[in-house]
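For reference, the chains in residue letters:
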Amino acid sequence: MKIIINGWFWGVDTAGSGQYLALLLDRITGLLTLSQIQIMVVIPKSAAPASQKPVGVTADSVPSSNNVTKVFKSLPRLPRQIAKVWWEQVMIPQISQREKADLLWVPYWAAPYWQPTPTIVTIHDLIPLLLPAYRGGRFQRIYSSLVVATAKRSDAIITVSHASKQDVVQHLKIDPAKVHPIANGANTYYDEQNEAKAGLQKARLEQVRQQYALPQRFFLYLGGFDVRKNVQSILEGYRVYLEQGGSPEVKMVIGGKLPNMDSAFFPDPKRYADEVGLGGQVHFCGWVADEDKTVLYHLATAYFFPSLYEGFGMTVIEAMAAGTPVVTSKV
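Residues numbered from 1 in each chain as written. Predicted model: local features only at pLDDT ≥ 70, side-chain atom pairs only at ≥ 80, totals over all residues. Heavy atoms only, no water.

### As for the sheet that holds strand β12 (residues 302-305)
Adjacent strands of a sheet pair through backbone hydrogen bonds, lying either parallel or antiparallel.
Part 1 of the argument: Strand order in this open sheet of 5 strands is β11-β10-β9-β12-β13, and the pairing throughout is parallel. Strand pairing shows two members of the sheet lacking a second neighbour, β11 (282-286) and β13 (326-328), which therefore form its edges. Strand-to-strand twist of the sheet, defined as the mean angle between neighbouring strand axes without regard to direction, takes the value 25°.
Part 2 of the argument: In this structure, strand β9 (residues 217-222) lies alongside β12, joined through 2 bridges in parallel fashion. By the bridge assignment for β12, L220 is matched with Y303.
Part 3 of the argument: Packing against the sheet, helix α8 (residues 231-243) makes contact with β9, β10 (250-255), β11 and β12, and its axis sits at approximately 175° to β10.
Part 4 of the argument: Each of β9, β12 and β13 is contacted by helix α11 (residues 314-321), which is oriented at about 170° to β12, the strand it contacts most. (Pairing = 2+ DSSP bridges. Helix = DSSP H or I, 4+ residues; strand = E, 2+ residues; numbered from the N terminus. Axes fitted to C-alpha atoms, helices over the stretch in contact; angles between N-to-C directions. Contact = heavy atoms within 4.5 Å.)

Dropping the structure here:
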């Protein structure tokens, strides 16, 4: 059996779709023991990290294991948005046909309209369709209409939660039997009975605390700052906590790259914290490396994630996996 995977987001660690693909490929590679199952990941050359291209290799095909092969293909000289559509709608189905693949899997919402191969697409959420602030300009709205049509033509759809399945069935008018919720797993792991296994010895905890200048006790938020993440509500809740007698020794730590500009779509939480007099109580620790996230979760008194819409919400289970209490949305 030969499976083609659209690797557009391969190596893009800052995107959820990139992490989803990379982690699944890592696990799949370890699980594939049957030689008759072959996977080809087709990756645009511009997306492939230089560090992952073996020195001296000039061929397009770079074997990764006995069962998984990464193939790098050039993009046409077009604007990035147009090149992406060409990749999804022309290059990927052409390769799947030429390779006589048994299955094409697109791990994000962008199946081809022409499907010469049985096709599965993963739809993490319907954010561009359901939230007005995320619909973008004319090109983005046309693109959303295209991927809605291609999803309907696909043989099966994977979603990452039952909530996303409900959205797909309701808003895309797709047969529920074609939509399969497969939950994500946590990106991090902590086993309190075996600190060495998780690499969380006391020295490691203290090293991360100093690296990010973390207070001894703190509440934590990690993630983005677009409006649906609802970070302002975290700060409002923290202000009420202090006003009602909560200990000021428990600071608020906000992790992530702050917006370059304060706007309605990317409200700057630092500005709001200053406006309501929380400046001295809130620590903005900046971007947190993936390898440090488990440690921050473990050190935190509680994790806050009051997002207004998520397909899954990875950080909720990451915090739970570290044994940290979570305060999150129920809808």
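There is more to say, and it comes next.
### Comments concerning the pairing of strand β2 (residues 38-44)
Side chains on a regular strand alternate between the two faces of the sheet.
Part 1 of the argument: A large share of β2 lies buried, amounting to 6 of its 7 residues.
Part 2 of the argument: As paired elements, strand β1 (residues 2-6) and β2 share 5 bridges and run parallel to each other. In the strand pairing of β2, I5 is matched with V41.
Part 3 of the argument: By the bridge criterion, 6 bridges tie β2 to strand β4 (residues 68-73) in an arrangement that is parallel. Looking at the pairing, I43 lines up with F72 of β4. (Buried < 20%, exposed > 50% of the residue type's maximum accessible area, 1.4 Å probe, protein only.)

### Focus on the environment of C285
Part 1 of the argument: Structurally, the position occupied by C285 is in strand β11.
Part 2 of the argument: Setting aside residues no more than four positions away along its own chain, C285 makes contact with Y212, V253, I254, G255 and L296.

### Side note on helix α10 (residues 290-299)
Count 3.6 residues to each turn of an α-helix, and residues three or four apart come out pointing the same way.
Part 1 of the argument: Taken across its 10 residues, α10 has 7 buried, putting it largely inside the fold.
Part 2 of the argument: The elements touched by buried residues of α10 are α7 (202-211), β9, β11, β12 and α11.

### Considerations on helix α5 (residues 162-172)
Part 1 of the argument: Residues of α5 that are buried include every one of S164, D167, V168 and L172, and no others. Taken down its axis, α5 places every buried residue within 100° of arc, on the same side. More than 90 degrees from the buried face of α5, the exposed residues found are H162 and Q166.
Part 2 of the argument: Contact partners of the buried residues in α5: α3 (127-130), α4 (138-153), β7 (156-159) and β8 (179-181). (Arc of directions from axis to C-beta.)

### Notes on the pattern of salt bridges
Part 1 of the argument: Enumeration according to the criterion identifies 11 salt bridges in this entry.
Part 2 of the argument: A salt bridge links E88 to K84; the shortest N-O distance between them is 2.6 Å. In this pair, E88 and K84 are both assigned in helix α2 (residues 80-98), 4 residues apart and thus about one turn of the helix distant. Note on accessibility: E88 and K84 belong to one class, buried.
Part 3 of the argument: In this structure, E275 and R271 form a salt bridge, with 2.8 Å as the shortest nitrogen-oxygen distance. Here R271 and E275 lie together in helix α9 (residues 269-275), a separation of 4 residues that amounts to about one turn.
Part 4 of the argument: When its relative accessible area of 31% is taken as the criterion, R271 is described as partly exposed.
Part 5 of the argument: Members of the salt-bridge network, linked through shared partners, are D226, R228, K229 and E310. (Salt bridge = Lys/Arg side-chain N within 4 Å of Asp/Glu carboxyl O.)

### What about the packing of α2 against α4?
Part 1 of the argument: Relative to each other, α2 and α4 sit at 10°, their axes nearing to 12 Å. Regarding the angle of α2 to α4, the classification is roughly parallel. Facing α2, whose interface residues are Q81, I82, K84, V85, E88 and Q89, α4 presents F139, Y143, L146 and T150.
Part 2 of the argument: Residue classes in the contact of α2 with α4 are distributed as 5 nonpolar, 3 polar and 2 charged. (Parallel < 35°, antiparallel > 145°, perpendicular 65-115°, else oblique. Nonpolar A, V, L, I, M, F, W, Y, C, P; charged D, E, K, R; others polar.)

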